[in-house]
Amino acid sequence: EYDKDVIDRVMKNELYSNKSKIFKLNLYPIAKKNSDWDPSIEEEFHTTKEEYYGAIHEKRSSFFKELLKEFKPKKIICTTLQNGEELFIETFFGIREWISYKKEIVTFKNMDHVEKKFKISQYRNELTTLVIIPFPGMGNGNLNSYLDMINMANHLRNNYLQLND
């Protein structure tokens, strides 16, 4: 078992500090514990769930593309639920841009020494590589333990953070 305080300290002091080379953004900026759609939103704001998320995606996608042009990141690492990759491809690259693709299936052992498999996808254009890993949270195929997260972080650090690949 890993100490949550240690993990939180590393995230605050190393990953997301002002000295870090990491910049964190969320595609959908408001995280909430209950992600169920509240039907009262439709009444109050005269919009459907699909219209609401479509408008957010359109605005955030434009914003992210502006950031790509300005800062030219070498790597972007995203987390997504299964079958959510297409949303990130459209967000960062657009639908008409030529990109290359490759995937890797990694195997880690959990605390009971049972093997778990995870997919890592890479999409690349001329300037940026988009690395998509499973979402941290409950559900099949997700990183649903601290050990999964640590194994994935170590694998990414050792295999994906070279800036010239």
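Cut-offs applied
Residues numbered from 1 in each chain as written. Predicted model: local features only at pLDDT ≥ 70, side-chain atom pairs only at ≥ 80, totals over all residues. Heavy atoms only, no water. Helix = DSSP H or I, 4+ residues; strand = E, 2+ residues; numbered from the N terminus. Contact = heavy atoms within 4.5 Å. Core = buried A, V, L, I, M, F, W, Y, C linked by side-chain atoms within 4.5 Å. Buried < 20%, exposed > 50% of the residue type's maximum accessible area, 1.4 Å probe, protein only. Pairing = 2+ DSSP bridges. Salt bridge = Lys/Arg side-chain N within 4 Å of Asp/Glu carboxyl O. Axes fitted to C-alpha atoms, helices over the stretch in contact; angles between N-to-C directions.

### A few points about the environment of Phe 93
Assignment of secondary structure puts Phe 93 in the loop between α4 (85-92) and β2 (100-109). Beyond its immediate sequence surroundings of up to four residues, Phe 93 is in contact with Lys 65, Ile 99, Tyr 123, Arg 124, Asn 125, Thr 128 and Leu 130.

### Focus: the nonpolar core
For soluble globular proteins, nonpolar side chains are generally found buried alongside one another. Within the largest apolar cluster, 13 residues are counted, with the highest numbers of intra-cluster contacts made by Cys 78, Phe 88, Phe 92 and Leu 130. Those residues in contact with Phe 88 that sit more than four places away from it in its chain are Leu 27, Cys 78, Thr 79, Thr 80, Leu 130 and Ile 132. Counting residues in hydrophobic clusters, the runner-up holds 10 residues, among them Phe 118, Met 152, Leu 156 and Tyr 160.

### A word on the pairing of strand β4 (residues 129-134)
Among the 6 residues that make up β4, 6 are buried, leaving the element largely enclosed by the rest of the structure. Strand direction decides the pairing type here: strand β1 (residues 75-80) and β4, joined by 6 bridges, are parallel. The partner of Ile 77 across the bridge, within β4, is Val 131. As paired strands, strand β3 (residues 115-124) and β4 are joined by 4 bridges and run antiparallel to one another. Within β4, the position partnered with Arg 124 by the bridge is Thr 129. Between β3 and β4, which pair antiparallel one after the other, the connecting turn spans 4 residues.

### Points about the pattern of salt bridges
A side chain with one charge may pair with a side chain of the opposite charge, provided their charged atoms come close. For the coordinates displayed, the defined rule picks out 2 salt bridges. The partner of Lys 119 in a salt bridge is Glu 85, and the shortest N-O contact between them spans 3.1 Å. Pair noted here: Lys 119 is in strand β3 and Glu 85 is in helix α4, with a separation of 34 residues, a long-range link. By relative accessible area, Lys 119 is classed as partly exposed at 34%. For Lys 116, the salt bridge goes to Asp 148, with nearest N and O atoms at 2.5 Å. Taken together, the positions of Lys 116 in strand β3 and Asp 148 in helix α5 (residues 146-159) put the pair 32 residues apart, joining distant regions of the chain.

### Some details on the sheet that holds β4
Whether parallel or antiparallel, the strands of a sheet pair through hydrogen bonds between backbone atoms. One open sheet holds the 4 strands; their spatial order is β1-β4-β3-β2, and the pairing between them is mixed. Two strands in the sheet have a free side with no partner beyond their single neighbour: β1 and β2. Here the average twist between neighbouring strands, direction ignored, is 20 degrees. Relative to β3, β2 runs antiparallel, the two being bridged by 10 bridges. Within β3, the position partnered with Ser 100 by the bridge is Arg 124. Where α4 meets the sheet, its contacts fall on β1, β2, β3 and β4, and the angle it forms with β1 comes to roughly 145 degrees.

Function-wise, these values are silent; they only describe arrangement.
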